[in-house]
Amino acid sequence: MLEVDKDRARHAVQPQHAFLVTLKVNGEEHRLNVDARTTLLDALRDRLHLTGTKKGCGLGQCGACTIIVDGRRVVSCLTLAVMNQGKEITTIEGLANGALHPVQQAFIEHDAFQCGYCTPGQIMSAVGLIQEGRTRSDDEIRENMSGNLCRCGAYTNIVDAIKDAIAHGLDPREAMTQAVEAIAQDAGREA
Amino acid sequence: MTGTGIGAPVRRKEDQRFITGAGRYTDDLSRPGQAHAYFLRSPHAHAKILSIDTAAARAMPGVVAILTGDDLAADKIGGLICGWMIHSKDGSPMKAGPHPALAQGKVRYVGDHVAVVIADTYAQARDAAEAIEVAYEVLPAVVDARAAQKAGAPQVHDVADDNTVFRWHLGDKASTDAAFARAAHVTKIDLVNNRLVPNPMEPRAAVGEYDPGNESYTLFTTSQNPHVARLVLSAFIGVAPEHKLRVIAPDVGGGFGSKIFIYAEETVCVWAARKVGRPVRWTSDRTEAFLSDAHGRDHATHAELAMDENGKIIGLRAQTIANLGAYLSTFSSSVPTYLYAPLLSGSYDIPAIYAEVDGVYTNTAPVDAYRGAGRPEATFVVERLVEVAARELGMDPAKFRKRNYVKRFPHQTPVIMTYDAGDYGASMDKALELADYKGFSRRKRESARRGKLRGIGFSSYIEACGIAPSQAVGSLGAGVGLWESAEVRVNPTGSIEVLTGSHSHGQGHETTFAQLVCDRLGVPIENVIIVHGDTDKVQFGMGTYGSRSGAVGMSAIAKAIDKVIVKGKKVAAHVLEAAEADIEFKDGKFTVAGTDRGVGFADVALQAYIAHKFSGQDLEPGLKEGAFYDPTNFTFPAGVHICELEIDPDTGVTTIERWTAVDDFGVIINPMIVEGQVHGGIAQGVGQALHEGAIYDESGQLVTASFMDYRMPRAADLPSFQVGMTVTPCPSNPLGIKGCGEAGAIAAPAAVMNAITDALGHEDIAMPATPQAVWRAAQKNAAMRVAAE
């Protein structure tokens, strides 16, 4: 178990409607006291200091904060921390296990980003998409990645990267299982 | 070329941190004891502030301080500045109104800064802001630049009577009018270049800190040019002395121009940090970004092109009204003037050009540089004019362009620029081939059989990049020089740190700049690190914009590397006990000419630092060299983009079927990165043409203030691109680089609109060509057909 709430000073004022929740993120359990209104995104970034997940709009309109919760792609700005008690949460920080995840590797090989800000969300969305098996054509990939904005305009290379990750032996159905198992193993080793 | 040298598609060194979530952007930083700022913004486009009552808000939980424009004035903090002086054609200086970081007496656009609340948490600051009572006297507002110039329009600033900041012109009116008088054909168009919101995915953010022990300040901020930010904050705004202000721009999530400028929020964070004795942080939410990031474009232009009886262009004239918003942003005055009109010659040999530009205040967000900055506006004018002219003359648009291209270099245009090198015909030929232009009519017939309208459009753009010779821009009104600096620090082990004044926020400098070092010094690329974005590390620099980092920033590095080699030869001469004149450097090794005696670069580095082989009186120990590089000319990237698209007349949906881009960027350092820049530029240009448009209603409310209302280009909107290159090395810098960052955004809008108007068969449509606009335009076609029958 990690020490939580590393920034106690900011939370000296007792929030109203505070709840004690256990968030299972990248295979590790974190217990923290959150205001009921705290989004999962803010809890990850501000309380657990997992800043890899980005806030692009806070309104569920850009996809930068996409993470995977219980195997499903979720925009973490539109779900509250208290709603995610006990769920299996995977963020960009939990995707690589020693070696990069095939999608991460493909993003490098295909120059699938520039400034990197939307990238964690793009990668998590791509991992989810592959797992869902909705990658049967370029058009299908493009359509299903359309919730993730990239102002640098790397869309063409993102599509290529996703196809490449699949071509390089990433079985769509196993993609997520692989990631989750890797995290579990990792957590096991540390424990 | 080595495997990681110039020309190699090296995978980016910076990627690892970005794909693992380990990038460190301003909002990712957490400072001990930090307080959070929230800006209370004006809900009105134009109003007098009668009073601000903060008493109730101050009593709210967690509130540390509430500051207003009065507090700024009391502390003698100056206003934000516009760093480029434009003179009107009558010689008078532009009429710049005051631009306080927090409003003083009046607000001038929705989103204008009224007060800042600083509290323990962001939520507390935001809650308290709602408890501030501001009494406004709401005034009539004006949002359209043409309306703002009319008699009786609401006056935004007292200093500008008819809201006109300048009435500027460029070129020779008499010779241009004479060309039109003898023209065999004149083509006339009216164009609106739609207002855009830059929307980098990372919203702007700032953290100000004050260290009372050293009386020094630190600002972490989302900046494309941290040194310029420091200069402006110290010398002009006066929040901190330059030598006691450190500005750090860590990882920055895209800028596209909008993070060049020095805004109110970072000014306030630095100033407030000292006042409250805690770090003060602010991060824009997306709505604030829409309201307060400097917007782009927003021109209305009437333009005319004169041709002789042979279809040769003999003159061009343009009248443009540029909406500058409610205040002059940092470089706003230069965008519709010197970054615009000097490009009105396009790729063409046009003997006479005359342009008039009015810059106008309105009650809208400030307008400044956005990817391309002035050059997309110029290209849109020239390429729409040329396309329409070819249609009116019944000429093939590609042939018409080729007939009028500049073919001999250097070429002096009538509007300042001297094009140094290019081969526009070669780019066109290659583009025609890649696009299978010959097969277009067959594809058009095939589309027609399915009830679809197919069109093809060209954009044969040119841009002026590598901004720019300092003396030249100084004579045009720039407040700063536009050189770049570099320092190459060779460590005793032979590893190298390169300090650069350029800033990377997606451009891949950490890779391309290292490729240059690798190429020149023969060291492994993993032994090179590029340091940027911190005024305490890099002494000074002008930053990244205008596709200048390669042409100017890398040229400075090349110059410093040359000095390192010169010094290295001196050290090697001692080590090898040979005459300095006999030492050669190649492939990472210093050798004595004509012998097999040599010493590696790393060994020379070590010897330079231990200084055992030479007298420290004869030769200074160490191996570290700096350089300032001032360019000798602008650079002139140019190329041809061809857009082929299909319109469904029943739904108005436009589908881009093929995109061909053939660009001449001069020497290319990393083709993979260049291609990515082209893709991104096209995406933004297509966004402008088909989707994006910032709309204010008559009262000055921004009705497109979210991603639900402002339509950004998405993955499903864009096809794969066919990207080709032609290369004419740039003769104006030591590396032959022209720059590539803005080309796509400059080229694309005209290519799309030329294709759409080609498909429709008429010119009556404006950007953004949304499905609704296209559907209406297509209905006009149907009506025309019915009328004809």
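Residues numbered from 1 in each chain as written. Chains lettered and ligands numbered in written order. Predicted model: local features only at pLDDT ≥ 70, side-chain atom pairs only at ≥ 80, totals over all residues. Heavy atoms only, no water.

## With respect to the overall build of chain B
Regarding its fold elements, chain B presents 20 helices and 28 strands. Each principal axis of the C-alpha atoms in chain B carries an extent, and together these give about 95 × 75 × 50 Å. For chain B, the residues scored as buried account for 65% of the 789 residues in total. Sequence separation of 24 or more characterises 80% of the internal contacts of chain B that already satisfy a separation of 6 or more. Approximately 26600 Å² of chain B is accessible, and the part contributed by carbon and sulfur atoms is 51%. The centroid of the 76 positive side-chain charges in chain B is displaced by 3 Å from the centroid of its 91 negative side-chain charges. (Helix = DSSP H or I, 4+ residues; strand = E, 2+ residues; numbered from the N terminus. Buried < 20%, exposed > 50% of the residue type's maximum accessible area, 1.4 Å probe, protein only. Contact = heavy atoms within 4.5 Å. Areas by Shrake-Rupley, 256 points an atom, 1.4 Å probe, with all protein chains shown as cover. Lys, Arg positive; Asp, Glu negative; His and termini not counted. Charge placed at Lys NZ, Arg CZ, Asp CG, Glu CD.)

## Points about the sheet that holds strand β18 (residues 453–459) of chain B
Residues and elements named next belong to chain B. Reading across the sheet, the four strands line up as β18-β26-β27-β28 and stay open at both edges, with mixed pairing between neighbours. In the strand order of this sheet, the two ends are held by β18 and β28 (722–725), each with one partner. Along the sheet, successive strands turn relative to each other by an average axial angle of 10°, direction set aside. Examined bridge by bridge, strand β27 (residues 654–664) and β28 share four bridges and lie parallel to one another. Across the sheet, residue Ala661 finds its bridge partner in β28, namely Val723. Most of the contacts of helix α13 (residues 440–449) go to β18, to which it runs at about 145°, and overall it touches β18, β26 (638–647) and β27. (Pairing = 2+ DSSP bridges. Axes fitted to C-alpha atoms, helices over the stretch in contact; angles between N-to-C directions.)

## A look at the side chain of B:His503
Residue and element names in this part refer to chain B. Tracing the backbone through its elements, the reader meets His503 in the loop between β20 (496–500) and α15 (509–521). Residue His503 is classed as buried on the basis of its relative accessible area of 0%. Setting aside anything within four residues of it in sequence, one finds His503 in contact with Ser223, Gln224, Pro226, Ala249, Pro250, Val252, His509, His532, Gly533, Gly543 and Thr544.

## Points about the packing of helix α16 (residues 549–576) of chain B against helix α17 (residues 601–610) of chain B
Residue and element names in this part refer to chain B. Where α16 meets α17, the axes come as close as 9 Å, and the angle between the chain directions of the two elements is 80°. Regarding the angle of α16 to α17, the classification is roughly perpendicular. When α16 is examined against α17, the residues Val564, Gly568, Val571, Ala572 and Val575 are found in contact with a partner set consisting of Phe601, Val604, Gln607 and Ala608. (Parallel < 35°, antiparallel > 145°, perpendicular 65-115°, else oblique.)

## Details of the interface of chain A and chain B
If you look at the interface, chain A gives 44 residues, while chain B gives 56 residues. Carbon and sulfur atoms make up 54% of the area that chain A and chain B hide from each other, which totals about 4100 Å². Run the count over chain A and chain B and you get five salt bridges. With a shortest N-O distance of 2.7 Å, B:Glu692 and A:Arg151 are connected by a salt bridge. (Buried area = accessible area lost by both parts, 1.4 Å probe. Salt bridge = Lys/Arg side-chain N within 4 Å of Asp/Glu carboxyl O.)

## Quick word on helix α2 (residues 102–109) of chain A
Along α2(A), the residues classified as buried are A:Val103, A:Gln104, A:Ala106, A:Phe107 and A:Ile108. Taken together, the buried residues of α2(A) touch α3 (119–132) and α5 (155–167) of chain A together with α1 (15–19) of chain B. Where α2(A) terminates, the next one or two residues include A:Asp111, which has phi positive at roughly 50°.

## Thoughts on the pairing of strand β2 (residues 28–35) of chain A
Residues and elements named next belong to chain A. Inspection of the sheet shows strand β1 (residues 18–25) paired to β2 by eight bridges, in the antiparallel sense. Bridged to Phe19 within β2 is Val34. Turn length for the β1-β2 hairpin, with the two strands adjacent in sequence and antiparallel, is two residues, and the turn residue Asn26 shows positive phi of about 50°.

## Some words on α16(B)
Here α16(B) is 28 residues long and its end C-alpha atoms lie 38 Å apart, about the 40 Å a rise of 1.5 Å per residue gives. B:Glu577 lies just past α16(B) and shows a positive phi near 50°. (Expected span 1.5 Å × (residues − 1).)

## Here we look at the pattern of salt bridges
Residue and element names in this part refer to chain B. The tally for this structure, following the rule as stated, stands at 60 salt bridges over all chains. In this structure, Arg246 engages Asp534 in a salt bridge whose closest nitrogen and oxygen atoms are separated by 2.6 Å. Taken together, the residues span a long stretch of sequence, with Arg246 in strand β11 (residues 245–248) and Asp534 in the loop between β21 (528–531) and α16 at a distance of 288 residues. According to the relative accessible area criterion, Arg246 is partly exposed, its value standing at 27%. One network of salt bridges, with partners in common, ties together Asp436, Arg442, Arg443, Glu446, Arg450, Arg454, Glu644 and Glu646.

## Examining the nonpolar core
All names here are of chain B. Leu344, Trp659 and Ile756 are the most contacted members of the largest nonpolar core, which totals 221 residues. Among the elements that make up this core, the one with the highest residue count is helix α19 (residues 743–760) (twelve residues). Beyond its immediate chain neighbours, meaning those up to four positions away, Ile756 contacts Leu645, Ile647, Thr654, Leu690, Ile765 and Ala769. (Core = buried A, V, L, I, M, F, W, Y, C linked by side-chain atoms within 4.5 Å.)

## Some remarks on the domain arrangement of chain A
Residue and element names in this part refer to chain A. Each domain of chain A was delimited in the assignment, giving domain 1 (1–93) and domain 2 (95–191). Across the boundary between the two partners, domain 1 contributes 20 residues, which contact 23 residues of domain 2. Interface of domain 1 and domain 2: buried area, both sides summed, is about 1700 Å²; carbon and sulfur atoms make up 58% of it. Among the residues domain 1 hides against domain 2, the three largest losses belong to Ile68, Arg73 and Ile92. Together they make up 37% of the total. Here domain 1 and domain 2 share one salt bridge between them. Here Arg73 and Glu132 are joined by a salt bridge, their closest N and O atoms 3.1 Å apart. (Domains from an automatic or database assignment.)

## Overview of the packing of α15(B) against α16(B)
All names here are of chain B. One can describe the packing of α15 onto α16 by two numbers: an axis separation of 10 Å at closest approach and a directional angle of 35°. Between α15 and α16 the crossing geometry is right-handed. Touching His509, Thr512, Phe513, Leu516, Val517, Arg520 and Leu521 of α15 are Ser549, Met554, Ile557, Ala558, Ile561, Asp562 and Ile565, all from α16. Considering only residue class, the contact of α15 with α16 consists of nine nonpolar, three polar and two charged. (Left-handed = near helix turned anticlockwise from the far one by under 90°. Nonpolar A, V, L, I, M, F, W, Y, C, P; charged D, E, K, R; others polar.)

## Observations concerning the UniProt feature "domain: Aldehyde oxidase/xanthine dehydrogenase a/b hammerhead" (unreviewed entry) in chain B
The UniProt record annotates "domain: Aldehyde oxidase/xanthine dehydrogenase a/b hammerhead" (unreviewed entry) at residues 20–140 of chain B. Taken end to end, residues 20–140 of chain B is 16% helix and 29% strand, and its first and last C-alpha atoms sit 51 Å apart. (UniProt positions renumbered as here; feature names shortened; annotations may be inferred.)

## Topic: empty space enclosed by the protein
Residue and element names in this part refer to chain B. Evaluated as defined, the whole model comprises seven cavities of 30 Å³ or more. In terms of lining residues, the largest cavity is bounded by 47 residues, among which Thr544, Gly546, Ser547, Arg548 and Gly741 are the most central. Looking at the lining of the largest cavity, the elements that each hand over two or more residues are α15, α16 and α18 (671–691). Broken down by class, the residue content of the lining of the largest cavity amounts to 24 nonpolar, 19 polar and four charged. One number sums up the size of the second largest cavity: a volume of about 130 Å³. Lining the second largest cavity are 18 residues, and of these Leu80, His99, Ile262, Tyr263 and Pro366 sit closest to its centre. Classifying every residue of the lining of the second largest cavity by side-chain character gives eleven nonpolar, five polar and two charged. (1 Å grid on protein atoms, 1.4 Å probe; cavity = no way out; pocket = protein on both sides within 12 Å on 5 of 7 lines; lining within 4 Å. Points joined across faces, edges and corners; volume = space filled by probe spheres on them.)

## Re the domain arrangement of chain B
Residue and element names in this part refer to chain B. Assigned domains within chain B: domain 1 (31–139 + 201–254 + 259–292), domain 2 (299–467 + 633–788) and domain 3 (483–629). Summed over both sides, the interface between domain 1 and domain 3 buries roughly 1400 Å², with carbon and sulfur atoms accounting for 55% of that surface. The largest share of the area that domain 1 buries against domain 3 comes from Gln224, His227 and Arg246, three residues that together contribute 44% of it. For the interface between domain 1 and domain 3, the tally reads seven residue pairs in polar contact (both at pLDDT 80 or more). Breaking the side of domain 1 that touches domain 3 down by element, the ones donating at least two residues are α7 (226–237) and β11. Among the elements that line the side of domain 1 that touches domain 3, the one with the most residues is α7, at five residues. Class assignment for the residues of the side of domain 1 that touches domain 3 results in ten nonpolar, five polar and three charged. (Polar contact = N/O pair within 3.5 Å; in protein donor to acceptor, adjacent residues only side chain to side chain.)

## Observations regarding the sheet that holds strand β6 (residues 133–138) of chain B
The strands making up a sheet associate through hydrogen bonds between their backbones, and the pairing can be parallel or antiparallel. Residues and elements named next belong to chain B. On the basis of which strands lie adjacent, the open sheet formed by three strands has the order β4-β2-β6 and antiparallel pairing. Across the chains shown, the open sheet's two edge strands, defined by having one partner strand only, are β4 (106–107) and β6. Here two bridges tie strand β2 (residues 47–53) to β4, and the two strands are oriented antiparallel to one another. By the bridge assignment, Lys48 is partnered in β4 with Lys106.

## Some points on the confidence of the model for chain B
For chain B, mean pLDDT is 97; residues scoring 70 or higher make up 99% of the total. On the interface metric, ipTM, the complex scores 0.96, and its pTM is 0.95. (pLDDT = per-residue confidence, 0-100.)

## Quick word on the environment of B:Ser333
All names here are of chain B. Following the sequence through the fold, Ser333 ends up in the loop between β14 (313–325) and β15 (353–361). In this structure, the C-alpha to C-alpha distance between Ser333 and Trp84, residues 249 residues apart in sequence, is 6.2 Å. Once you skip the residues sitting within four places of it in the chain, Ser333 turns out to touch Cys82, Trp84, Ile86, Met94 and Phe166. Polar side-chain contacts of Ser333 include one of 2.5 Å to the backbone oxygen of Trp84.

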